[in-house]
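# Structure assessment
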Amino acid sequence: MSEKAFYDDMLRHQLTMLNAKVPELEQAFQGNQLILNVCVAYSRKVAAENVTLKERLDVAEARVEDQDGQIRQLRVQAETMLARLDRHGAWITERSKGK
């Protein structure tokens, strides 16, 4: 057997082995494509959920700010009423002492 024939046989053998791997590689590629498609779909779903959650968070934060404002107003009103009660109490005490 000549050296050229030996290398030709070796190349044919390598080509046969590579050709045998093609269906396996194609199947793996299709599996990877399926995984990629699932990942992309999941990523889009998560992105949409994030938008919804962000909107809900914005609404909740606005409510908290409104409630904080209402609490501040109620605190001012309560302090004003307490100050009036103190003044009225002092006035009543003064009037009671005078009688």
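Details of the structure are given in the entry above.
All of the points below concern the structure found in this document. (Residues numbered from 1 in each chain as written. Predicted model: local features only at pLDDT ≥ 70, side-chain atom pairs only at ≥ 80, totals over all residues. Heavy atoms only, no water.)

Quick look at the overall build of the protein chain now. Looking only at helices and strands, the protein chain features 1 helix and 0 strands. For 99 residues, the compact-globule estimate of 2.2 N^0.38 gives 13 Å, and the protein chain exceeds it by more than 25% at 41 Å. Overall, the protein chain is about 140 × 25 × 10 Å in size when its C-alpha atoms are taken along their principal axes. Considering the protein chain as a whole, with its 99 residues, one finds that 1% of them fall into the buried category. Working note: accessible area of the protein chain is about 9,500 Å², and carbon and sulfur atoms make up 60% of it. Side-chain charges in the protein chain split into 15 positive and 15 negative, and the spacing between the mean points of these groups amounts to 15 Å. (Helix = DSSP H or I, 4+ residues; strand = E, 2+ residues; numbered from the N terminus. Rg over C-alpha atoms; globule rule 2.2 N^0.38 Å. Buried < 20%, exposed > 50% of the residue type's maximum accessible area, 1.4 Å probe, protein only. Areas by Shrake-Rupley, 256 points an atom, 1.4 Å probe, with all protein chains shown as cover. Lys, Arg positive; Asp, Glu negative; His and termini not counted. Charge placed at Lys NZ, Arg CZ, Asp CG, Glu CD.)

On to the packing of aromatic side chains, then. Counted by the stated rule, this structure contains 1 aromatic pair. For the ring pair Phe 6 and Tyr 7, a centre distance of 5.5 Å and an interplane angle of 65° mean the geometry is edge-to-face. By relative accessible area, Phe 6 is classed as partly exposed at 40%. (Phe/Tyr/Trp six-rings, centres within 6.5 Å; stacked < 30°, edge-to-face > 60°.)

Moving on, we get to the pattern of salt bridges. Two side chains of opposite charge can pair, provided their charged atoms sit close to one another. Counted by the stated rule, this structure contains 5 salt bridges. A salt bridge links Lys 4 to Asp 8, with the shortest nitrogen-to-oxygen separation between them at 3.1 Å. Linking Lys 4 with Asp 8, this pair stays in helix α1 (residues 3-98), spanning 4 residues, or about one helical turn. For Lys 4, a relative accessible area of 59% puts it in the exposed group. Of the charged contacts in the structure, one is a salt bridge between Glu 24 and Lys 21, with a shortest N-O distance of 3.7 Å. Of the two residues, Glu 24 and Lys 21 both sit in helix α1, 3 residues apart, roughly one turn of that helix. (Salt bridge = Lys/Arg side-chain N within 4 Å of Asp/Glu carboxyl O.)

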